[in-house]
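Single-letter residue listing:
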Amino acid sequence: MSGFSLPIPVFDTENLILRGPRESDFDALAEFAASERAEFVGGPMPRRASWGSFLATYGHWALRGYGMWMLEERASGKAAGRVGMIFNDGWDEPELGWHVFNGFEGKGYAYEAALAARTHAARHQNLPRPISYIQPDNTRSIALAERLGAKLEREITFFDKPCHVYRHPLPEEAAA
């Protein structure tokens with residue numbers, strides 16, 4: 001039996017390959033999603049809920065033409081996280097989101113991948129100035145958004161919790 005393939009772009013950064021998900025990535029995603037580190041992205045969640053999230057990646061690409069890429073660490077070939085554009089039902093506009101799996105944090109991968117995904121989204125997906133929804137106590141994501149040049153635009157309630165909305169710059173503004 002062969003799987004259905006979506007035309008998800010693949011591209012490289014210095015340390016990563018951004019690509020579509022593979023079934024072999026699921027264990028790493030499920031492990032991350034079950035951990036306390038997933039608290040800011042809907043977790044912790046049981047493995048069965050992670051499967052739905054994993055499959056939603058395909059659905060988002062099929063429906064919207066953009067979505068989350070898997071991050072593959074070039075040196076090891078292991079799934080290291082996810083990054084990309086998300087625009088789910090009930091959201092104000094497309095979001096640039098990211099998470100790095102257990103064991104891959106602290107290597108600059110989130111910055112490297114988010115910068116590459118944001119540039120690709122602006123140039124090829126007509127998404128020039130995405131937002132990032134970040135809970136106020138998610139200090140690591142706030143630091144990353146600010147490092148990417150995003151600015152706090154407003155505070156909202158999102159999924160019944162306080163949330164900061166960061167606006168990312170246009171690619172030419174980020175390069176300046």
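Scroll up for the structure.
Note that the coordinates shown come from a computational prediction; the quantities given were computed from them, not determined experimentally.

1. A look at the overall build of the protein
- A tally of regular secondary structure across the protein gives five helices and eight strands.
- Mapped from its N terminus to its C terminus, the protein presents α and β elements in the order β-β-α-α-β-β-β-α-β-α-β-β-α.
- For a compact globule of 176 residues, the expected C-alpha radius of gyration is about 16 Å, and the protein comes in at 15 Å, within 12% of that figure.
- Along the longest, intermediate and shortest principal axes, the C-alpha atoms of the protein span 45 × 35 × 30 Å.
- Across the 176 residues of the protein, 48% fall into the buried class.

2. Some remarks on helix H3 (residues 109-124)
- The end-to-end C-alpha distance of H3 is 22 Å, a good match for the 22 Å that 16 residues give at a rise of 1.5 Å each.
- Taken from the residues just after H3, Asn126 is the one with a positive phi, measuring 55 degrees.

3. Points about helix H1 (residues 26-34)
- Those residues of H1 that sit buried are Phe26, Leu29, Ala30, Phe32 and Ala33. Along the axis of H1, the buried positions cluster into a sector of 165 degrees, meaning they face one direction only.
- In this structure, the buried residues of H1 make contact with helix H2 (47-64), strand S4 (79-86) and strand S5 (95-100).

4. Remarks on the pairing of S4
- The element S4 is extensively covered by neighbouring structure, given that eight of its eight residues are classed as buried.
- Taken together, the five bridges between strand S3 (residues 68-73) and S4 define a ladder with antiparallel strand orientation. In the strand pairing of S4, Glu72 is matched with Ala79.
- Taken together, S3 and the strand that follows it, S4, pair antiparallel across an intervening segment of five residues, in which Gly77 is found at a positive phi of about 75 degrees.
- Alignment of S4 against S5, held across six bridges, turns out to be antiparallel. For Gly81, the partnering residue across the bridge sits in S5 and is Val100.

5. Considering the nonpolar core
- Grouped together as the largest cluster of nonpolar side chains are 39 residues, with contacts concentrated most on Leu18, Trp69, Leu71, Val83, Leu96, Trp98 and Phe101.
- Only strand S2 (16-19), H1, H2, S3, S4, S5, H3 and helix H4 (139-147) provide two or more residues apiece to this core.
- Ranked by residue count, the leading element in this core is H3, at seven residues.
- Leu71 has contacts with Leu16, Ile17, Leu18, Lys78, Ala79, Ala80, Gly81, Arg82, Val83 and Ala113, leaving out every residue within four places of it along the chain.
- Membership of the second largest hydrophobic core comes to eight residues, among which are Tyr133, Phe158, Cys163 and Val165.

6. Some words on the packing of H1 against H2
- With their axes 9 Å apart at the nearest point, H1 and H2 run at an angle of 120 degrees to one another. Comparing their axes, H2 and H1 come out oblique. The two elements H1 and H2 meet at a crossing, and its hand is right-handed. In this structure, H1 uses Phe26, Asp27, Leu29, Ala30 and Ala33 to contact H2, whose residues at the interface are Arg47, Ser50, Trp51 and Phe54.

7. Things to note about the side chain of Glu72
- Along the chain, Glu72 turns up in strand S3.
- A polar contact is formed between the side chain of Glu72 and the side chain of Arg19, at a distance of 2.6 Å.
- Glu72 has contacts with Asn15, Leu16, Ile17, Arg19, Arg22, Gly77 and Lys78, leaving out every residue within four places of it along the chain.

8. A closer look at unusual backbone geometry
- One non-glycine residue, Phe159, lies in the positive phi region at around 55 degrees.
- Look at Phe159 and you get exposed, because its relative accessible area is 60%.
- Although it is not a glycine, Asp160 sits at a positive phi angle of roughly 65 degrees.
- Mapped onto the secondary structure, Asp160 falls in the loop between strand S7 (151-158) and strand S8 (161-167).
- Given a relative accessible area of 76%, Asp160 falls into the exposed group.

Rules used in this analysis
Residues numbered from 1 in each chain as written. Predicted model: local features only at pLDDT ≥ 70, side-chain atom pairs only at ≥ 80, totals over all residues. Heavy atoms only, no water. Helix = DSSP H or I, 4+ residues; strand = E, 2+ residues; numbered from the N terminus. Rg over C-alpha atoms; globule rule 2.2 N^0.38 Å. Buried < 20%, exposed > 50% of the residue type's maximum accessible area, 1.4 Å probe, protein only. Expected span 1.5 Å × (residues − 1). Arc of directions from axis to C-beta. Contact = heavy atoms within 4.5 Å. Pairing = 2+ DSSP bridges. Core = buried A, V, L, I, M, F, W, Y, C linked by side-chain atoms within 4.5 Å. Axes fitted to C-alpha atoms, helices over the stretch in contact; angles between N-to-C directions. Parallel < 35°, antiparallel > 145°, perpendicular 65-115°, else oblique. Left-handed = near helix turned anticlockwise from the far one by under 90°. Polar contact = N/O pair within 3.5 Å; in protein donor to acceptor, adjacent residues only side chain to side chain.

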